[in-house]
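So the chains spell out like this:
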Amino acid sequence: MKISHKLVLHFPPRIVEQPVINNLIRNYDLSFNILKASIIPNQEGYVVLELSGEQDKYDAGIEYVTSAGVQIESLSRSVLRNEGRCTHCGACVSVCPSRAFSVDPQTRKVCFDDNCCVACGLCIKACPPRAMEFHF
């Protein structure tokens, strides 16, 4: 069975320059789509990606990545909305390229679907009350 998950991979400085993703693809027959990345030699880095493949190969690939020292978390845990701060102004709706935000036509409140989010960060910059937050 083929699966697909959006993940954030956190690379410690000691392995940023190692070919971890290349090995993941070649050795485990997985496919990926990089959504966002920040990799700087000798510094901590991260890659936001969608990783797909057969369940058994996916599981083996994830085990390889974690054994290499990379921390993995689900993308949906990385971008969060602080409900207490959100004023439902809608500034995020117009800037979101993945349409993770929508306005409920009845309540006029902004809804956030973290499954659609690609962690681009545009909503964070656009949000006047700073209700959107990165948790990398």
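Residues numbered from 1 in each chain as written. Predicted model: local features only at pLDDT ≥ 70, side-chain atom pairs only at ≥ 80, totals over all residues. Heavy atoms only, no water.

So, on to the sheet that holds strand β4 (residues 71–74). The antiparallel open sheet is built from four strands, whose spatial order is β2-β3-β1-β4. Edge strands, defined here as strands with exactly one partner in the open sheet, are β2 (31–38) and β4. Within this sheet the neighbouring strands show an average axis-to-axis angle of 25°, counted without direction. Judged from the four bridges that link them, strand β1 (residues 2–11) and β4 form a sheet pairing that is antiparallel. (Pairing = 2+ DSSP bridges. Helix = DSSP H or I, 4+ residues; strand = E, 2+ residues; numbered from the N terminus. Axes fitted to C-alpha atoms, helices over the stretch in contact; angles between N-to-C directions.)

Let us look at the nonpolar core. Ranked by size, the top nonpolar core spans 17 residues in total, and within it L9, F11, L51, V65 and V70 carry the most contacts. Broken down by secondary-structure element, the contributors of at least two residues to this core are β1, α1 (20–28), β3 (45–54) and α2 (55–67). If you tally residues by element for this core, the top one is β1, at four residues. Here V70 is in contact with L9, H10, F11, I15, V20 and V65, once residues within four sequence places are set aside. (Core = buried A, V, L, I, M, F, W, Y, C linked by side-chain atoms within 4.5 Å. Buried < 20%, exposed > 50% of the residue type's maximum accessible area, 1.4 Å probe, protein only. Contact = heavy atoms within 4.5 Å.)

Tallying each qualifying case throughout the model produces three salt bridges. Two residues, D29 and K57, come together in a salt bridge whose shortest N-O distance is 3.6 Å. Here D29, found in the loop between α1 and β2, pairs with K57, found in helix α2; they are 28 residues apart in sequence, far enough to count as distant. Residue classification places K57 among the partly exposed positions, given a relative accessible area of 34%. We note a salt bridge from E83 to R81, for which the minimum N-O separation is 3.1 Å. Classification of R81 by relative accessible area gives buried; the value is 15%. (Salt bridge = Lys/Arg side-chain N within 4 Å of Asp/Glu carboxyl O.)

For the rest of this paragraph, the subject is the domain arrangement of the chain. What the domain assignment reports for the chain is domain 1 (2–77) and domain 2 (81–136). Between the C-alpha centres of domain 1 and domain 2 the distance comes to 26 Å. Between domain 1 and domain 2, the residue contacts involve 11 residues of the former and 11 residues of the latter. For the pairing of domain 1 and domain 2, the buried interface totals around 770 Å² over both sides, and the portion due to carbon and sulfur atoms is 59%. At the boundary of domain 1 with domain 2, the tally comes to zero salt bridges. Joining domain 1 to domain 2, the criterion identifies two residue pairs in polar contact (both at pLDDT 80 or more). Every element with two or more residues in the side of domain 1 that touches domain 2 is listed here: β1, β2 and β3. (Domains from an automatic or database assignment. Buried area = accessible area lost by both parts, 1.4 Å probe. Polar contact = N/O pair within 3.5 Å; in protein donor to acceptor, adjacent residues only side chain to side chain.)

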